[in-house]
Amino acid sequence: MPTPTKGPRLGGGPAHERLMLANLAAALFEHKRITTTVTKAKRLKPYAERLVTFAKRGDLASRRRVLGLISNKGVVHELFTDIAQAVENRDGGYTRITKIGNRKGDNAPMAVIELVLEPVSAKQAVVAEATSAAKRDADKKEAAAAAPAAEEAPEAEVVETEAVEAPEAEAATEEAPAAEEAPAEDKAEEKGAK
């Protein structure tokens, strides 16, 4: 949950504030836009956006966390099905606050808080696509740069192993003729003894 702001809370105490925010969020998800005071709208914005983030996850644990805050199952179902699908390509900023002037009775500053359900603009989609393409190209270049370095490293190891094995191979070749000569001499002695 977002950290509470300093100063007086909405309503009487912290429990009342949590209930007010939950009811405001339920009304926002049900009607898609509500009119309230600027202070309540500013407090509701991070609360509602966090709930939308849970809805975008869509798993059972997220649904249960939201049901712990909003008791209306119909509103939670609408949040997880309709609203989550409408904002699935949006990375944040699911709500918008618009100030509309002061209330007539007590002159309190009023605002409309609404869900931003329109799709991401074409310009933003093009920018996102270009960014992902640039990232893919950079990854390919890094992989291409790493591949020759990886190919050169085994060749160097092969050269080193050949150099290390060369004296052993020479010793083995020196021992091999001696070993071959010994059986030949044994055979000659055997023939002479017969």
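In this report, we go over the structure that sits alongside the text. Quick caveat, the model's predicted, so the values are computed rather than measured. (Residues numbered from 1 in each chain as written. Predicted model: local features only at pLDDT ≥ 70, side-chain atom pairs only at ≥ 80, totals over all residues. Heavy atoms only, no water.)

### Describing the packing of helix α3 (residues 60-69) against helix α4 (residues 73-86)
Inference 1: At their nearest, the axes of α3 and α4 sit 10 Å apart, and the two run at 140 degrees to each other. With respect to their mutual orientation, α3 and α4 come out oblique. In this structure, the crossing between α3 and α4 has a hand that is right-handed. Contacts from Ser62, Arg63, Val66 and Leu67 in α3 reach Lys73, Val76, His77, Leu79 and Phe80 in α4. (Axes fitted to C-alpha atoms, helices over the stretch in contact; angles between N-to-C directions. Helix = DSSP H or I, 4+ residues; strand = E, 2+ residues; numbered from the N terminus. Parallel < 35°, antiparallel > 145°, perpendicular 65-115°, else oblique. Left-handed = near helix turned anticlockwise from the far one by under 90°. Contact = heavy atoms within 4.5 Å.)

### Let's talk about the packing of helix α1 (residues 14-31) against helix α2 (residues 38-57)
Inference 1: Running from N to C, α1 and α2 cross one another at 70 degrees; their axes reach a closest spacing of 9 Å. It follows that α1 is roughly perpendicular to α2 by the angle criterion. Where α1 crosses over α2, the handedness of that crossing is right-handed. Residues Glu17, Arg18, Met20, Leu21, Ala22, Leu24, Ala25, Leu28 and Phe29 of α1 pack against Lys40, Arg43, Leu44, Tyr47, Ala48, Leu51 and Val52 of α2.

### What about unusual backbone geometry?
Inference 1: One non-glycine residue, Lys32, lies in positive phi territory at about 70 degrees.
Inference 2: Turning to its location among the elements, Lys32 is positioned in the loop between α1 and β1 (33-37).
Inference 3: Here Lys32 falls in the partly exposed class, since its relative accessible area comes to 24%.
Inference 4: Unusually for a residue other than glycine, Asn107 sits at a positive phi of about 60 degrees.
Inference 5: Structurally, Asn107 is set in the loop between β2 (95-102) and β3 (109-115). (Buried < 20%, exposed > 50% of the residue type's maximum accessible area, 1.4 Å probe, protein only.)

### Some words on the nonpolar core
Inference 1: Counting 32 residues, the largest nonpolar core has Phe29, Leu44, Leu51, Ile70 and Leu79 as the members making the most contacts within it.
Inference 2: With nine residues, the top contributor of residues to this core is α2.
Inference 3: Excluding residues within four positions of it along the chain, Leu44 makes contact with Leu21, Leu24, Ala25, Leu28, Ile34 and Ile113. (Core = buried A, V, L, I, M, F, W, Y, C linked by side-chain atoms within 4.5 Å.)

### Topic: the pattern of salt bridges
Inference 1: Tallied over the entire structure, the rule returns eight salt bridges.
Inference 2: Between Lys32 and Glu78 there is a salt bridge whose closest N-O contact spans 2.2 Å. With Lys32 in the loop between α1 and β1 and Glu78 in helix α4, this residue pair connects regions lying 46 residues apart in the sequence.
Inference 3: One salt bridge in this structure joins Glu118 and Arg96, with 2.7 Å as the shortest N-O distance. Highlighted residues: Glu118 in the loop between β3 and α5 (122-193) and Arg96 in strand β2, separated in sequence by 22 residues.
Inference 4: The exposure class of Glu118 is partly exposed, given its relative accessible area of 40%.
Inference 5: Salt bridges sharing partners connect three or more residues here, namely Arg33, Arg96, Glu114 and Glu118. (Salt bridge = Lys/Arg side-chain N within 4 Å of Asp/Glu carboxyl O.)

### A few points about the sheet that holds β1
Inference 1: Taking strand neighbours across the sheet as the criterion, the three strands line up as β1-β3-β2 in an open arrangement whose pairing is antiparallel. Either end of the sheet is taken by a strand with one partner, and the two such strands are β1 and β2. Across the sheet, the axes of successive neighbouring strands diverge by a mean angle of 25 degrees, strand direction being ignored.
Inference 2: The pairing of β2 with β3 spans seven bridges and is classified as antiparallel. In the strand pairing of β3, Lys99 is matched with Ala111.
Inference 3: Taken strand by strand, α1 contacts β1, β2 and β3, and its axis lies near 145 degrees from that of β1.
Inference 4: Helix-sheet contacts for α2 involve β1, β2 and β3, and the interaxial angle to β2 is about 175 degrees. (Pairing = 2+ DSSP bridges.)

### Structural notes on α1
Inference 1: The terminal C-alpha atoms of α1, which comprises 18 residues, lie 26 Å apart, in line with the 26 Å expected from a rise of 1.5 Å per residue.
Inference 2: The secondary structure elements touched by the buried residues of α1 are β1, α2, α3, α4, β2 and β3.
Inference 3: Directly after α1, the chain includes Lys32, whose backbone phi takes a positive value near 70 degrees. (Expected span 1.5 Å × (residues − 1).)

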